[in-house]
Amino acid sequence: GHWGLICAFGVFTAVALVGVLNMEAGLILSELVPETDITSKYLMAEGDYFSFFPVTVATKSLDYPHFQHDLLAFHARIAAMPEAVQPLPPFWLQLMLGFANETGRLGYDGLLSPEDFYPTFEAWRTTDPLGFTQSQGNFGFDSAGLIVYAELPVFVHGVQNPA
């Protein structure tokens, strides 16, 4: 009687639990809702007005003194992305090169010599803390004081899936 019903309920619950735990994501709500439904209109508006995300782009394990030109080109490519919110936050390397120009350390090509890169970086960081903070750069350093990674904040819009 009752024990059979309790056992059947237990087996049903266990099977349902296993099914839920092994379920994979499939269709998303926007694929299920008819386009004429109010929910569909809400989802379209959400994508238009609320698809704004902060993103951090990080560079690591890079020989920063020798790759200044490449870093500037990388930043320009990010700025050219249609999803990037303009203007981008100031790029730390551009601000540091501006500091180097003001202090007469800049080379003829508009970049720092590799030998001057870290002394200029340290001088910029210690004598121009406002400019350094304005760059919004986040840096990691090794025990020798060399940059291990540098982060660049970017805001993007029009992205439906930030992952």
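Criteria and cut-off values
- Residues numbered from 1 in each chain as written.
- Predicted model: local features only at pLDDT ≥ 70, side-chain atom pairs only at ≥ 80, totals over all residues.
- Heavy atoms only, no water.
- Axes fitted to C-alpha atoms, helices over the stretch in contact; angles between N-to-C directions.
- Helix = DSSP H or I, 4+ residues; strand = E, 2+ residues; numbered from the N terminus.
- Parallel < 35°, antiparallel > 145°, perpendicular 65-115°, else oblique.
- Contact = heavy atoms within 4.5 Å.
- Nonpolar A, V, L, I, M, F, W, Y, C, P; charged D, E, K, R; others polar.
- pLDDT = per-residue confidence, 0-100.
- Buried < 20%, exposed > 50% of the residue type's maximum accessible area, 1.4 Å probe, protein only.
- Arc of directions from axis to C-beta.

Student: Please explain the packing of helix H5 (residues 92-102) against helix H6 (residues 114-127) as it appears in this structure.
Tutor: Helix packing geometry: the angle between the two helix axes and the distance between the axes. Two elements in contact, H5 and H6, have axes separated by 10 Å at closest approach and are oriented at 90°. As the angle between them shows, H5 and H6 are arranged roughly perpendicular. Residue-level contacts link Trp92, Leu93, Leu95, Met96, Phe99 and Ala100 of H5 to Phe117, Thr120, Phe121, Ala123, Trp124 and Thr127 of H6. Of the residues in the contact of H5 with H6, the class split is 10 nonpolar, 2 polar and no charged.

Student: Mind showing me how you'd approach the confidence of the model for the chain here?
Tutor: Atom-level detail of predicted coordinates should not be read off regions where pLDDT is low. Per-chain confidence: the chain averages 86 in pLDDT, with 90% of residues scoring 70 or above. Ranking the helices and strands of the chain by mean pLDDT puts H6 first, with 96, and helix H2 (residues 29-32) last, with 71.

Student: In this structure, what is going on with H5? I would like to understand it.
Tutor: Because an α-helix packs 3.6 residues into every turn, residues spaced three or four apart end up facing the same way. Listed in full, the buried residues belonging to H5 are Trp92, Leu93, Met96, Leu97, Phe99 and Ala100. Buried residues of H5, seen end-on, are gathered within an arc of 155° and therefore sit on one face of the element. Away from its buried face by more than 90 degrees, H5 exposes Asn101 and Glu102. Next to the buried residues of H5 lie helix H4 (68-80), H6, strand E2 (138-141) and strand E3 (147-157). Backbone geometry just downstream of H5 places Gly104 in the positive-phi region, at approximately 75°.

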